[in-house]
Amino acid sequence: KKIILVIPYRGIGDLIFHLPLLKGLYKKYKSKINVITNSANKAKFLFSKEISVKKIEYINFQREEQIKNSYLFLKKINSYKADICILTSPTKRLIIPLLMSNVKKKIFFKKDKTKDLSKYIISQSAKSFKNINFPKNYDLSFPKKRINNI
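Since the structure is predicted, the reported quantities are computational estimates derived from the model, not experimental observations.

So, how was this worked out
- Residues numbered from 1 in each chain as written.
- Predicted model: local features only at pLDDT ≥ 70, side-chain atom pairs only at ≥ 80, totals over all residues.
- Heavy atoms only, no water.
- Helix = DSSP H or I, 4+ residues; strand = E, 2+ residues; numbered from the N terminus.
- Rg over C-alpha atoms; globule rule 2.2 N^0.38 Å.
- Buried < 20%, exposed > 50% of the residue type's maximum accessible area, 1.4 Å probe, protein only.
- Pairing = 2+ DSSP bridges.
- Axes fitted to C-alpha atoms, helices over the stretch in contact; angles between N-to-C directions.
- Contact = heavy atoms within 4.5 Å.
- 1 Å grid on protein atoms, 1.4 Å probe; cavity = no way out; pocket = protein on both sides within 12 Å on 5 of 7 lines; lining within 4 Å.
- Points joined across faces, edges and corners; volume = space filled by probe spheres on them.
- Nonpolar A, V, L, I, M, F, W, Y, C, P; charged D, E, K, R; others polar.
- Phe/Tyr/Trp six-rings, centres within 6.5 Å; stacked < 30°, edge-to-face > 60°.
- Lys NZ or Arg CZ within 6 Å of the ring centre and 35° of its normal.
- Core = buried A, V, L, I, M, F, W, Y, C linked by side-chain atoms within 4.5 Å.
- Parallel < 35°, antiparallel > 145°, perpendicular 65-115°, else oblique.
- Left-handed = near helix turned anticlockwise from the far one by under 90°.

Attention shifts here to the overall build of the protein chain. The helix and strand tally for the protein chain stands at 6 helices and 5 strands. Counting from the amino terminus, the protein chain carries its helices and strands in the arrangement β-α-α-β-α-β-α-β-α-β-α. Since a compact globule built from 150 residues should have a radius of gyration of about 15 Å, the 16 Å found for the protein chain is in line with a globular shape. For the protein chain, the residues scored as buried account for 45% of the 150 residues in total.

In structure tokens form, the structure reads like this:
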């Protein structure tokens, strides 16, 4: 099985648009996906029932203390010893640690003129993985809790 790492650093709404990518990679490689992201997007809650996700870790992507944060980001990427790492951002401050990492196959999404983030992620996913179909499926599963009447 491949070790796959996906790095969506954006916010909570944007994280949902990554579901087709996660599901497509899981289906293709038959491996659960590791995710490194920021705590503001609540990925651990959003993806708590997503079968394609193995592990979610939070890291600081802030520009403040950029050299320190880039170093910690590089260490975190290397700790996975990933076969494939996908950074869904064209941000240079995140691309550089990825390029310096020990990941076997490094993929980062390119800048383009697409304004709609869901279309951007789908199109970049399709360009990077030509042999995978990424259906637009943004369904999330949440735990069902019983509501007790008071």
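To continue, consider the sheet that holds strand E3 (residues 53-58). Each strand in a sheet pairs with another by means of backbone hydrogen bonds, the pair being arranged parallel or else antiparallel. Spatial ordering of the open sheet is given by E3-E2-E1-E4-E5, a layout of 5 strands whose pairing is parallel. Edge positions in the open sheet fall to E3 and strand E5 (105-108), since each of these has one partner strand only. Averaged over all pairs of adjacent strands, the angle between strand axes in this sheet comes to 15°, irrespective of strand direction. Helix H2 (residues 19-29) contacts strand E1 (4-7), strand E2 (33-37), E3 and strand E4 (84-87) of the sheet and is inclined by roughly 170° relative to E1.

Inspection of every chain in the model, using the stated rule, returns 1 cavity of 30 Å³ or more. Of the voids in this model, the largest cavity is the one considered here, and its volume is about 60 Å³. Elements represented by at least two residues in the lining of the largest cavity include exactly helix H4 (66-80) and helix H5 (92-100). Among the elements that line the lining of the largest cavity, the one with the most residues is H4, at 4 residues. Partitioned by chemical class, the residues of the lining of the largest cavity number 3 nonpolar, 5 polar and 1 charged.

Let us look at the packing of aromatic side chains. A full pass over the atoms with the stated rule returns 5 aromatic pairs. What links up through ring pairs into an aromatic cluster is the set Tyr9, Phe61 and Phe73. Against the face of Phe108 rests Lys110, its NZ or CZ located 4.4 Å from the ring centre.

Within the largest apolar cluster, 26 residues are counted, with the highest numbers of intra-cluster contacts made by Val6, Leu25, Phe47, Ile86 and Phe129. At the level of elements, E1, H2, E2, helix H3 (43-46), E3, E4 and helix H6 (117-128) are the ones that each hand at least two residues to this core. Ignoring anything within four residues of it in the chain, the contact list for Ile86 reads Ile4, Leu5, Val6, Ile7, Leu21, Leu25, Ile107, Phe109 and Phe129. Judged by nonpolar contacts, the second largest core, of 15 residues, contains Ile36, Phe73, Leu98 and Val103.

Where H4 contacts H5, the axes come no closer than 9 Å and their chain directions differ by 40°. Overall, the two elements H4 and H5 adopt an arrangement that is oblique. Crossing geometry of H4 relative to H5 is assigned as right-handed. Along the contact surface, H4 presents Gln66, Ser70, Phe73, Leu74 and Ile77, while H5 presents Arg93, Leu94, Pro97, Leu98 and Met100. Partitioning the contact of H4 with H5 into residue classes produces 7 nonpolar, 2 polar and 1 charged.

Moving on to the pairing of E2. Regular strands place their side chains on alternate faces of the sheet. E2 sits mainly inside the fold: 5 of its 5 residues count as buried. Judged by which residues are buried, E2 turns out to be covered on both faces: Ile33, Val35 and Thr37 on one side and Asn34 and Ile36 on the other are all buried. Across 3 bridges, E1 lies against E2 in parallel orientation. From the neighbouring strand, Val6 faces E2, where its bridge partner is Val35. Judged from the 5 bridges that link them, E2 and E3 form a sheet pairing that is parallel. Residue pairing across strands places Ile33 opposite Val53, the latter belonging to E3.

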